[in-house]
Amino acid sequence: MSPGDRNSALTIAIVFPDLLGTYGDGGNGIVLARRAAWRGMGVELVQAGSGRPLPSADIYCIGGGEDGPQVRAATSLNEDGTMARAVEQGAVVFGVCAGYQLLGRSFPDSTDRAHDGLGLLDITTRKGTGPRAVGELVATMAPDAPHQAGGAALPRLTGFENHGGVTSVGPSARALARVVRGVGNGGGDGTEGAWSGRVVGTYLHGPVLARNIALADLLLGWAVDPSDSPEPLPPLDDSEETALRTERLRAVERSDRGHVVSRLFRAGR
Ligand code: GLN
């Protein structure tokens, strides 16, 4: 279907789960498909394996992975060209970690050699010089980040990160969020993720859309309603998702208090 055509099924593609399945980010596609189906929409979830042409889809979810598979994924997506064409026609692309980095201009392999990304986001990733960023990540949405249908800002993002790359956001893209806890893009400006049009990238695993259903509904809303002010989607019973989110955010708060207590303890206070 073309994005916004409510009469035919919405197609959600999980891109190269065989290469970029290390962190369970395929769950993002499952979350989107379930939230569409629960609202009575026809939906097709496609596991788009590498080594064959990428299917056309309304939403592409690209997950995190190791450096070698990330290079292979970027090379074949560039050779295939389907995703870039789909973005021109309004498709939604959601990339996580390796899947975020490869949407940009370039990213490094394990030897720090730069490889071409897809150029769908104005971001550049280099190898960090410090320790790998590993742990829970909490970030509040940037003021100019996309808002929920209806106009409210999205609530803060929760997830976990695990990456060596450091990403800078160029002038044609915007940062998605500001880091409250964790590293995020890591370039020293306190930003996390990036977006441009309907292409969104983040360092958050989780799967992030299971922990952040408002973000899931933002992406879904774009795919079902291509207008500049999409209608809010019908509400769902989100009590289980909210409980998960609250539990994860509380765990970070508890460990922050733990860090403070152990710092005070070490300082003899
Ligand atoms: N290989 C990339 C990095 O370390 C991406 C890692 C990931 O996807 N979690 O920066």
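Residues numbered from 1 in each chain as written. Predicted model: local features only at pLDDT ≥ 70, side-chain atom pairs only at ≥ 80, totals over all residues. Heavy atoms only, no water.

A. Here's a closer look at the overall build of the chain. Looking only at helices and strands, the chain features 7 helices and 13 strands. Relative to a compact globule of 269 residues, whose C-alpha radius of gyration would be 18 Å, the chain shows 18 Å and is just as compact. C-alpha atoms of the chain, sized along the principal axes, occupy 65 × 45 × 30 Å. Out of the 269 residues belonging to the chain, those deemed buried represent 51%. For the chain, the share of sequence-separated contacts (at least 6 apart) that also reach a separation of at least 24 residues comes to 71%. (Helix = DSSP H or I, 4+ residues; strand = E, 2+ residues; numbered from the N terminus. Rg over C-alpha atoms; globule rule 2.2 N^0.38 Å. Buried < 20%, exposed > 50% of the residue type's maximum accessible area, 1.4 Å probe, protein only. Contact = heavy atoms within 4.5 Å.)

B. Up close: the pattern of salt bridges. Counted according to the given criterion, the structure contains 10 salt bridges. The salt bridge involving Arg105 is made with Asp122; its shortest N-O contact spans 2.8 Å. Taken together, the residues Arg105 in the loop between α4 (98-101) and β5 (106-108) and Asp122 in the loop between β6 (114-116) and β7 (123-127) connect sequence positions 17 residues apart. A relative accessible area of 46% places Arg105 in the partly exposed class. (Salt bridge = Lys/Arg side-chain N within 4 Å of Asp/Glu carboxyl O.)

C. Summary view of the confidence of the model for the chain. The pLDDT averaged across the chain works out to 94; a share of 93% of its residues lies at or above 70. Put simply, helix α7 (residues 239-266) is where the chain has its lowest mean pLDDT, 83, and strand β4 (residues 92-96) is where it has its highest, 99. Between residues 1-6, whose pLDDT stays under 50, and residues either more than four places distant or in other chains, the model counts 18 contacts. (pLDDT = per-residue confidence, 0-100.)

D. Structural view of the pairing of strand β8 (residues 133-141). Pairing of β8 with strand β9 (residues 157-163) involves 7 bridges; the strand directions are antiparallel. By the bridge assignment for β9, Leu137 is matched with Gly159. In terms of strand pairing, β8 meets strand β11 (residues 174-181) through 4 bridges, oriented antiparallel. In the sheet register, Thr140 faces β11, and the bridge partner there is Arg178. (Pairing = 2+ DSSP bridges.)

E. View of the state of the cysteines. Counted by the stated rule, this structure contains 0 disulfides. Cys61 takes part in no disulfide bond, and the closest cysteine sulfur, belonging to Cys97, lies 15 Å away. By relative accessible area, Cys97 is classed as buried at 5%. (Disulfide = S-S within 2.5 Å.)

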